[in-house]
Amino acid sequence: TLSLHDALPIFATIKNIEFILELAKLLPEIQFSIVGPIEEKYMQSMSEKYMTTGFPKNVTFYGPVTDLIKKINMIDFHKYFILPSHREAMPQALLEAMARGKLAICTATDGAKEIISSEHNGFICENNTPEEAAEFIRRTEALEQSGFIFDKTPIVTSIKDNFSVDMLKTKYNKIFQDLGLIK
């Protein structure tokens, strides 16, 4: 069985909360925590949409977590990090979660595609469907139940090697040199 609080997504209007709610219906054995600012109009429209059925019972809404220690604890408490956005340029929350070794599941946004090498350090839902995410989670759980132990090192290393401040500084300096802006 899965432990409580297995998946941690975030949301705002473009964050595609419907993806998480539909995923929660497909995986009722998993507890989902939705963390982030709640835009009132968007939440109201979601409440109206789910008025007859209600939100899935395995979903808990949290507001934004701004305290660094609480944020780290929230990330560490979960097994998966889900970023179901319609659009993302460079998703900071995804980088933070992967730096903590979380299995990331993302929709096919440009930002997620820059960070995730599908099934090496995370999973991209190429068709942007909750069914794809559910299948990945089921496969992951089946592997673990058969005794496979996931090594978080490639996830953490992919972030450290490609997105650390020092690495980004080196990449930007090269771009600026190539453009002739610095020597």
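Structure's up top.
Residues numbered from 1 in each chain as written. Predicted model: local features only at pLDDT ≥ 70, side-chain atom pairs only at ≥ 80, totals over all residues. Heavy atoms only, no water.

Visitor: Would you mind showing me how to read the environment of glutamate 29 here?
Guide: Secondary-structure assignment places glutamate 29 in the loop between helix 1 (17-26) and strand 2 (32-35). Residues glutamate 29 and asparagine 58 lie 29 residues apart in sequence; the distance between their C-alpha atoms is 7.6 Å. (Helix = DSSP H or I, 4+ residues; strand = E, 2+ residues; numbered from the N terminus.)

Visitor: Is there a simple way to think about the pattern of salt bridges in this case?
Guide: Any two side chains of opposite charge can pair, so long as their charged atoms come close to each other. In this structure the tally under the stated criterion is seven salt bridges. For glutamate 88, the salt bridge is made with lysine 15, and the minimal N-O distance between the two is 2.2 Å. Of this pair, glutamate 88 sits in the loop between strand 4 (80-83) and helix 4 (92-99) while lysine 15 sits in the loop between strand 1 (7-9) and helix 1, placing them 73 residues apart in sequence. The residues glutamate 88 and lysine 15 share a single accessibility class, namely buried. One salt-bridge network, held together by shared partners, links Lys79, Glu141 and Glu144. (Salt bridge = Lys/Arg side-chain N within 4 Å of Asp/Glu carboxyl O. Buried < 20%, exposed > 50% of the residue type's maximum accessible area, 1.4 Å probe, protein only.)

Visitor: Sorry, what's going on with the packing of aromatic side chains here?
Guide: Working definition: an aromatic ring pair is given by the centre-to-centre distance plus the angle between the planes. Per the stated rule, a full pass over the model turns up five aromatic pairs. When the ring of phenylalanine 123 is compared with that of phenylalanine 136, the centres are 4.6 Å apart and the planes differ by 10°; the resulting orientation is stacked. Linking phenylalanine 123 in strand 6 (residues 123-125) with phenylalanine 136 in helix 6 (residues 130-145), this pair joins segments that are 13 residues apart in sequence. Ring pairing ties together the aromatic residues Tyr50, Phe55 and Phe61, which thus form one cluster. Lying over the aromatic face of phenylalanine 163, lysine 171 brings its terminal NZ or CZ to 5.6 Å of the ring centre. (Phe/Tyr/Trp six-rings, centres within 6.5 Å; stacked < 30°, edge-to-face > 60°. Lys NZ or Arg CZ within 6 Å of the ring centre and 35° of its normal.)

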